[in-house]
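Listed below, chain by chain, are the residues.
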Amino acid sequence: MPTSGNMPGCGASMCKGKKKALKMEDPAVVAKLEEGFQKLQAASDCRSLLKKYLTPEVFDKLKGQKTALGATLLDVIQSGVENLDSGIGVYAPDADSYLVFEDLFNPIIEDYHVGFTKDDKHPASDFGDLSSFVNVDPEGEFVISTRVRCGRSLQGYPFNPCLNEEQYKTMEAKVSGLLSSLTGDLKGTYYPLTGMTKEVQQQLIDDHFLFKEGDRFLQAANACRYWPSGRGIYHNDDKTFLVWVNEEDHLRIISMQQGGDLGTVYRRMVAGANEIGNKLPFSRSERLGYLTFCPTNLGTTIRASVHIKLPKLAADKAKLDATAAKFNLQVRGTHGEHSDSEGGVYDISNKRRMGLTEFQAVKEMEQGILELIKIEKSM
Ligand code: ADP
Ligand code: DAR
């Protein structure tokens with residue numbers, strides 16, 4: 001429910017560049033916004049992009065606006081206000097928020113996506129030559145597993161803060177019905193979170209198949225209401241093809257397997273995304289590419305990662321981070337963002353997702369991982 005209290009309807013996917021700002025006059029929301037802004041201003045140790053780009057001028061310009069669905073600036077910034085240790089600090093409550101609150105989103109997008117300016121346009125989707133990807137670690141010395149995921153939003157539905165329980169359930173029914181028609185390597189079963197035992201759920205999380213629960217950043221963003229209603233996971237028998245339903249995004253389409261065979265993993269994710277996309281209209285912006293709840297996932301929405309051990313490079317974490325950054329790679333802990341490395345295993349993935357094609361993003365990751373392994377071998 002947007003903070004303005006309006007009951008969300010079905011939000012159309014983003015209009016072609018027209019700003020649809022309405023006047024927001026809810027005094028309770030204005031008061032919370034003023035309080036939140038003062039808190040951000042006072043937080044000298046906050047390093048989020050929200051703090052960096054929510055200047056007094058931008059705040060004054062946006063605080064009185066809302067989208068057609070009733071999403072306000074408070075819906076956008078509340079997670080970053082509550083969690084001052086956020087890296088980004090904002091989420092889009094609906095597709096139109098990227099237009100109505102563009103004075104805040106655009107500089108954040110330009111900063112995170114390495115120079116994707118407000119005048120740039122994300123390229124058409126292009127998965128490229130699927131046969132051109134290699135096994136990044138054929139001898140199996142360093143890479144434990146490889147994963148490629150993309151995010152998708154269903155046209156006609158807003159993002160978490162604007163969804164009601166009925167919509168979560170309708171989306172789950174629509175998606176799980178479609179997934180049941182998948183065949184071959186993609187054939188599998190949908191498991192709703194509702195009714196899943198805690199033991200089964202925890203084992204799926206520990207094995208890196210299922211999303212974690214209780215992410216405080218998502219909770220503060222109003223992304224976990226009615227939990228676990230409408231949420232679940234689909235996977236094939238080998239758990240090499242998985243789909244997350246209504247976690248952070250409407251869909252996360254995931255391919256993963258043991259070892260470093262990036263080509264096989266990528267081809268499976270592309271096949272899954274195409275199969276689902278042929279049956280369900282995805283929400284896509286002419287300028288921003290595929291739309292997602294968090295601006296860090298816009299564009300290709302692709303994160304290609306390896307779980308990898310690089311003991312020599314990782315002996316100096318700062319050096320590992322700096323070396324990875326040279327290849328536009330991001331280093332995370334074993335359980336993804338906001339987690340630590342366990343047993344020397346790091347999750348290393350492409351950082352760039354916007355302003356380049358899916359092929360280029362995964363190729364950048366492939367080349368970067370090959371370079372890291374070469375450096376590790378040379379030490
Ligand atoms: P996202 O991929 O959407 O950013 P996370 O970073 O939270 O989400 O990762 C989701 C889950 O996927 C985590 O449990 C993480 O450990 C797991 N994961 C990510 N990369 C790999 C990989 N290469 N092999 C196995 N599990 C992985
Ligand atoms: N935790 C939020 C979001 C960062 C990007 N990760 C996502 N979208 N899962 C932050 O601002 O740090």
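Below, the structure is looked at part by part. Note that the structure is a prediction, hence the values are computed from the model and not measured. (Residues numbered from 1 in each chain as written. Chains lettered and ligands numbered in written order. Predicted model: local features only at pLDDT ≥ 70, side-chain atom pairs only at ≥ 80, totals over all residues. Heavy atoms only, no water.)

## Details of the pattern of salt bridges
So, point 1. All chains considered together, the criterion is met by 17 salt bridges.
So, point 2. A salt bridge links Arg268 to Asp185; its shortest N-O distance comes to 2.8 Å. Of this pair, Arg268 sits in helix α10 (residues 262–277) while Asp185 sits in the loop between α7 (165–179) and β4 (188–192), placing them 83 residues apart in sequence.
So, point 3. Linking Glu275 and Lys279 is a salt bridge whose minimum nitrogen-to-oxygen distance equals 3.3 Å.
So, point 4. In this structure Glu275 comes out as partly exposed when scored by relative accessible area, which is 31%.
So, point 5. Assessed through its relative accessible area of 43%, Lys279 is described here as partly exposed.
So, point 6. Salt bridges sharing partners connect three or more residues here, namely Glu34, Asp60 and Lys63. (Salt bridge = Lys/Arg side-chain N within 4 Å of Asp/Glu carboxyl O. Helix = DSSP H or I, 4+ residues; strand = E, 2+ residues; numbered from the N terminus. Buried < 20%, exposed > 50% of the residue type's maximum accessible area, 1.4 Å probe, protein only.)

## Focus: the site of ligand 2
So, point 1. Surveying the vicinity of ligand 2 reveals the residues Ser86, Gly87, Ile88, Gly89, Tyr91, Phe217, Glu248, Cys294, Thr296, Asn297, Glu337 and His338.
So, point 2. In the model, a nitrogen atom of ligand 2 is placed 2.8 Å from a nitrogen or oxygen of the Glu248 side chain.
So, point 3. Glu337 is positioned with one of its side-chain polar atoms (N or O) 2.6 Å from a nitrogen atom of ligand 2.
So, point 4. If ligand 2 stood free it would expose 340 Å²; the protein chains cover 89% of that surface.
So, point 5. When grouped by side-chain class, the residues that make up the shell around ligand 2 number 4 nonpolar, 6 polar and 2 charged. (Near = heavy atom within 4 Å. Polar contact = N/O pair within 3.5 Å; in protein donor to acceptor, adjacent residues only side chain to side chain. Areas by Shrake-Rupley, 256 points an atom, 1.4 Å probe, with all protein chains shown as cover. Nonpolar A, V, L, I, M, F, W, Y, C, P; charged D, E, K, R; others polar.)

## Section: the environment of Glu57
So, point 1. One can find Glu57 in helix α3 (residues 56–62).
So, point 2. On the basis of relative accessible area, Glu57 is assigned to the exposed category, the value being 59%.
So, point 3. Once the C-alpha coordinates of Glu57 and Asp103 are considered, the two residues, 46 residues apart in sequence, prove to be 9.8 Å apart.

## Things to note about the packing of aromatic side chains
So, point 1. Throughout the structure, instances matching the rule amount to 12 aromatic pairs.
So, point 2. Ring geometry for Phe37 against Phe59: centres 4.2 Å apart, planes inclined by 5 degrees, an arrangement best described as stacked. Separated by 22 residues along the polypeptide, Phe37 in helix α1 (residues 27–42) and Phe59 in helix α3 bring together distant segments of the chain.
So, point 3. Residue class for Phe37 comes out buried when judged on its relative accessible area of 6%.
So, point 4. Ring geometry for Tyr234 versus Phe241: centroids 6.2 Å apart, planes at 75 degrees, classification edge-to-face. Exposure class is identical for Tyr234 and Phe241. Each is buried.
So, point 5. Clustering of aromatic rings is evident, with ring pairs tying together Phe127, Phe133, Tyr266 and Phe359.
So, point 6. Over the aromatic face of Tyr168 sits the side chain of Arg231, whose NZ or CZ is 3.9 Å from the ring centroid.
So, point 7. The ring of Tyr290 has Arg284 lying over it, and the distance from NZ or CZ to the ring centre is 4.5 Å. (Phe/Tyr/Trp six-rings, centres within 6.5 Å; stacked < 30°, edge-to-face > 60°. Lys NZ or Arg CZ within 6 Å of the ring centre and 35° of its normal.)

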